[in-house]
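# Understanding the architecture of this molecule
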Amino acid sequence: MKLAVIPARGGSKRIPRKNIKAFAGKPMIAWSIEAALQSGCFDRVVVSTDDAEIAEVARQYGAQVPFMRPPELSDDHTGTSAVVAHAVRWMADEGQAPAEVCCIYATAPFVQADDLRRGLRILSDSGADYAFSVTTYAFPIQRAIRVTANKRVEMFEPAHFTTRSQDLEEAWHDAGQFYWGRAEAWLAHKPVFSQDAAPVPLPRHRVQDIDTPEDWERAEWMMKALMHAGSGGAARRRRVAFRTDASLQIGTGHVMRCLTLADALAARGADCVFLCRPHAGNLLGLIEQRGHLALALPAPAQGAAAGPAGPAHARWLGTDWATDAADTRKALGGEPVDWLVVDHYALDARWERELRSRCRQLMAIDDLADREHDCDLLFDQNWNGPDYARRYDGLVPAHCQLLLGPRHVLLRPEYLKLREWLPPRDGMVRRVLVFVGGSDLQGLTSRILRALDEPDLRALAADVVVGANYPDAGALAEQAARRPGTVLHGPQPSLAGLMARADLMIGAGGTTTWERMSLGLPGIVISVAPNQTPANQALHDAGYIDFLGEVDAVSAADIARSVRGCLGDGATLRARSRAISALVPGLGTEELCERLLG
């Protein structure tokens, strides 16, 4: 049995009667009750209160109030754990002992049913005692200051005065919305903030403590913004679903660009859910860390057949398209989402037609133009030569809108800020950035390091980034340690900072190419998959990149030769920097959000 407990004491002092005070058109506690009921997680939703008026309001909105909280648990000093444990014992005495219990605060108007479902899944999958809502600090806590007794300031950690923000460890705090826990943990009064608790990340724009009148006013403005962005309020936020995958074979680029879009949509009030198969090398955990609901479809079947007449990349799916369509329909449930976004080379018009009943509109993200689509909006941010605008002739319905070319590239906000701040590049190469994608099964990163280890290139500083799926980070770390001026970085939330201080980048095609170009960073590019080659070749022919070919045909000597060419041609690098920055103006994310949210 699963129990929701909503503590709601009647004696709040800083905001009198705040638990039932009107907030955005209904009593404050109603938001928590409705989210709990809509989640479908709970056998019973119980409000624990000492106040008759609160009890009556709670019943009106569908909660149960089977007992009144005793006075000894209703003062200013009683903690949440004692209140929840009391409810658990009361239920057990009634013969309905719960196994999992979620405490939901009565002043959590931004809590959502999807968040509660995600929290339950994290509790179950992690094996932890608790799983509770968290969010990131908006400012690095390592740079916090205190006001001294003589009205001056001093840093808590002066050592970080000159540390770049992107180099500081990200810090999180309790979001104050909900706390899933095992009944025995609540009864034993185990601490929630401990190593036996798992985080349930939420985006900052949906988190606000409400303890003071100023907090209340801020929360009202936040709700108004969410209602405006959602075109109908919290009860009608836009819902956007993404069907995409990451794996050792697929790479991480499809999920990462969808995350860029989802983050921007969520910041405008949309609810985003990802549907992914748990391939080896999947990014389900990262999706949840970014505050989105991630639903795992059934695991890929060993040796699954792709089915007849499928797309060229059909085997990437891990099943046949019809099974995937059925799994996706089931995961989405009965209510259609506003937009279904599919970013998968293994899926085509057949799959899209099957999902029409589960969405109001459908968007396909593609790079290849190698199969038909049944979509309302087709997005392809690539440049394949001057005729790229005609790539999808005959492949999409007549009514389909096309967003084609690098002017529509999806970029995270930090790239736009850096575009404004960075001075023109001078064409000198002092520091090189190396990144070939989330996985590197062909050992290209090591090959690039061998090239940079040539005697005449060892003076170049190098930042080397490996993704979460890199197969042998230990060996690469040893190789990097032997080369002077080389820093090996693990997975990064963004490459923007490293790109800003680099003078040249060596890597693969794909999403990173466009991020680099937006900052005017010249690049040497190698295809790590055959599907990258047409776009890379077209960009090379137009003078935008130095393309060396496909990974199996490129040697360390080829890479070293290309780097030497860049060292001796500052005028070409300066001109190329201006050209690629103009090709990728960085407006795509904002424009696409406006298109999807109307």
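Throughout what follows, the structure given in this document is the object of discussion. (Residues numbered from 1 in each chain as written. Predicted model: local features only at pLDDT ≥ 70, side-chain atom pairs only at ≥ 80, totals over all residues. Heavy atoms only, no water.)

Take the sheet that holds strand 22 (residues 523-527) next. The strand order across the open sheet built from six strands is 20-19-18-21-22-23, with neighbouring strands paired in parallel fashion. In this open sheet, the two edge strands, each paired with only one partner strand, are strand 20 (486-489) and strand 23 (546-550). Taken over all neighbouring pairs, the strand axes of this sheet differ in orientation by 15 degrees on average, direction set aside. In the sheet, strand 19 (residues 461-465) pairs with strand 20 via four bridges, with the strands oriented parallel. The partner of Val464 across the bridge, within strand 20, is Leu488. Of the strands in this sheet, strand 19 and strand 20 are in contact with helix 13 (residues 473-481), which crosses strand 20 at around 165 degrees. Those strands touched by helix 15 (residues 511-518) are strand 18 (431-435), strand 21 (504-508) and strand 22, and its axis lies near 165 degrees from that of strand 21. (Pairing = 2+ DSSP bridges. Helix = DSSP H or I, 4+ residues; strand = E, 2+ residues; numbered from the N terminus. Axes fitted to C-alpha atoms, helices over the stretch in contact; angles between N-to-C directions. Contact = heavy atoms within 4.5 Å.)

A few words now on the pairing of strand 10 (residues 197-201). Consecutive side chains of a regular strand alternate in pointing toward one face of the sheet and then the other. Across the five residues that make up strand 10, a large majority, four, are buried. When strand 6 (residues 130-136) meets strand 10, the two strands line up parallel, connected through five bridges. Looking at strand 10, one finds that Phe132 is bridged to Pro199. (Buried < 20%, exposed > 50% of the residue type's maximum accessible area, 1.4 Å probe, protein only.)

Moving on to the packing of aromatic side chains. Here the structure, examined in full by the defined rule, presents 10 aromatic pairs. Between Phe23 and Trp216, the ring centres sit 5.5 Å apart and the planes meet at 85 degrees, which makes this aromatic pair edge-to-face. Separated by 193 residues along the polypeptide, Phe23 in strand 2 (residues 22-23) and Trp216 in helix 6 (residues 213-229) bring together distant segments of the chain. Take Phe23 and Trp216: they sit in the same class, and that class is buried. (Phe/Tyr/Trp six-rings, centres within 6.5 Å; stacked < 30°, edge-to-face > 60°.)

Where helix 12 (residues 444-452) meets helix 13, the closest approach of the two axes is 11 Å, and the angle between their N-to-C directions is 10 degrees. The orientation of helix 12 with respect to helix 13, classified from their angle, is roughly parallel. Taken together, the residues of helix 13 that come into contact with helix 12 (itself represented by Thr445, Ser446, Leu449 and Arg450) are Leu476, Gln479 and Ala480. For the contact of helix 12 with helix 13, a count of residues per class yields three nonpolar, three polar and one charged. (Parallel < 35°, antiparallel > 145°, perpendicular 65-115°, else oblique. Nonpolar A, V, L, I, M, F, W, Y, C, P; charged D, E, K, R; others polar.)

So, on to the side chain of Asp367. Along the chain, Asp367 falls in the loop between strand 15 (359-365) and strand 16 (377-380). Engagement of the side chain of Asp367 in a polar contact is seen with the side chain of Tyr345, the distance being 2.5 Å. Not counting the four nearest positions on each side in its chain, Asp367 is found in contact with His254, Arg257, Tyr345, Asp380, Asn382, Arg391 and Tyr392. (Polar contact = N/O pair within 3.5 Å; in protein donor to acceptor, adjacent residues only side chain to side chain.)

Strand order in the open sheet formed by six strands is 4-1-5-9-6-10, with mixed pairing between adjacent strands. In this open sheet, the two strands that pair with only one neighbour each are strand 4 (44-48) and strand 10. Recorded for the sheet is a direction-independent mean angle of 30 degrees between the axes of neighbouring strands. The sheet contact formed by strand 5 (residues 100-104) and strand 9 (residues 172-182) spans five bridges and is antiparallel. Paired with Ile104 across the two strands is Phe178, which belongs to strand 9. Packing of helix 1 (residues 28-39) onto the sheet brings it into contact with strand 1 (2-7), strand 4 and strand 5, and relative to strand 4 it is tilted by some 160 degrees. Of the strands in this sheet, strand 1, strand 4 and strand 5 are in contact with helix 3 (residues 80-93), which crosses strand 5 at around 135 degrees.

Okay, the packing of helix 12 against helix 17 (residues 556-567) next. Interhelical geometry of helix 12 versus helix 17 gives an angle of 55 degrees and a closest axis separation of 8 Å. It follows from the interaxial angle that helix 12 and helix 17 lie oblique. Crossing handedness for the pair helix 12 and helix 17: right-handed. Within the contact between the two elements, helix 12 uses Leu444, Arg447, Ile448, Arg450, Ala451 and Leu452 and helix 17 uses Ala556, Ile559, Ala560 and Val563. (Left-handed = near helix turned anticlockwise from the far one by under 90°.)

Let's shift gears to the pattern of salt bridges. One pass over the full model with this rule turns up 39 salt bridges. Among the ionic pairs, Arg17 bridges to Glu53, the shortest N-O distance being 2.8 Å. Residue Arg17 is located in the loop between strand 1 and strand 2, and its partner Glu53 is located in helix 2 (residues 52-60); the two are separated by 36 residues in the primary sequence. With a closest N to O distance of 2.8 Å, Arg371 and Asp370 form a salt bridge. Look at Arg371 and you get buried, because its relative accessible area is 5%. Three or more residues joined by partner-sharing salt bridges are found here, namely Arg243, Asp245, Arg277, Asp324 and Asp327. (Salt bridge = Lys/Arg side-chain N within 4 Å of Asp/Glu carboxyl O.)

Another point: the nonpolar core. Nonpolar side chains tend toward joint burial in soluble globular proteins. Core analysis: the largest hydrophobic core is formed by 33 residues, its most contacted members being Ile29, Phe42, Val47, Ile104 and Trp180. Those elements that place two or more of their residues in this core are strand 1, helix 1, strand 4, helix 2, strand 5, helix 4 (113-126), strand 9 and strand 10. Apart from the residues lying within four places of it in its own chain, the contact partners of Ile104 are Ala4, Val5, Ile6, Pro7, Ser32, Ala36, Phe42, Leu116, Gln177 and Phe178. Grouped together as the second largest cluster of nonpolar side chains are 30 residues, Phe242, Val255, Val341 and Leu596 included. (Core = buried A, V, L, I, M, F, W, Y, C linked by side-chain atoms within 4.5 Å.)

Take the environment of Cys359 next. Residue position: Cys359 is located in strand 15. The buried category is assigned to Cys359, whose relative accessible area is 7%. The spatial distance from the C-alpha of Cys359 to the C-alpha of Ala529 is 32 Å, given a sequence separation of 170 residues. Among all residues touching Cys359, those that are not within four sequence positions of it are Pro336, Val337 and Leu340.

The term disulfide refers to a covalent linkage connecting the sulfur atoms of a pair of cysteines. Scanning the entire structure with this criterion turns up zero disulfides. No disulfide involves Cys103; its sulfur sits 7.1 Å from the nearest other cysteine sulfur, which is in Cys102. The class of Cys103 is buried, set by a relative accessible area of 0%. Free cysteine: Cys276, not disulfide-bonded; nearest cysteine sulfur from Cys258 at 8.5 Å. (Disulfide = S-S within 2.5 Å.)

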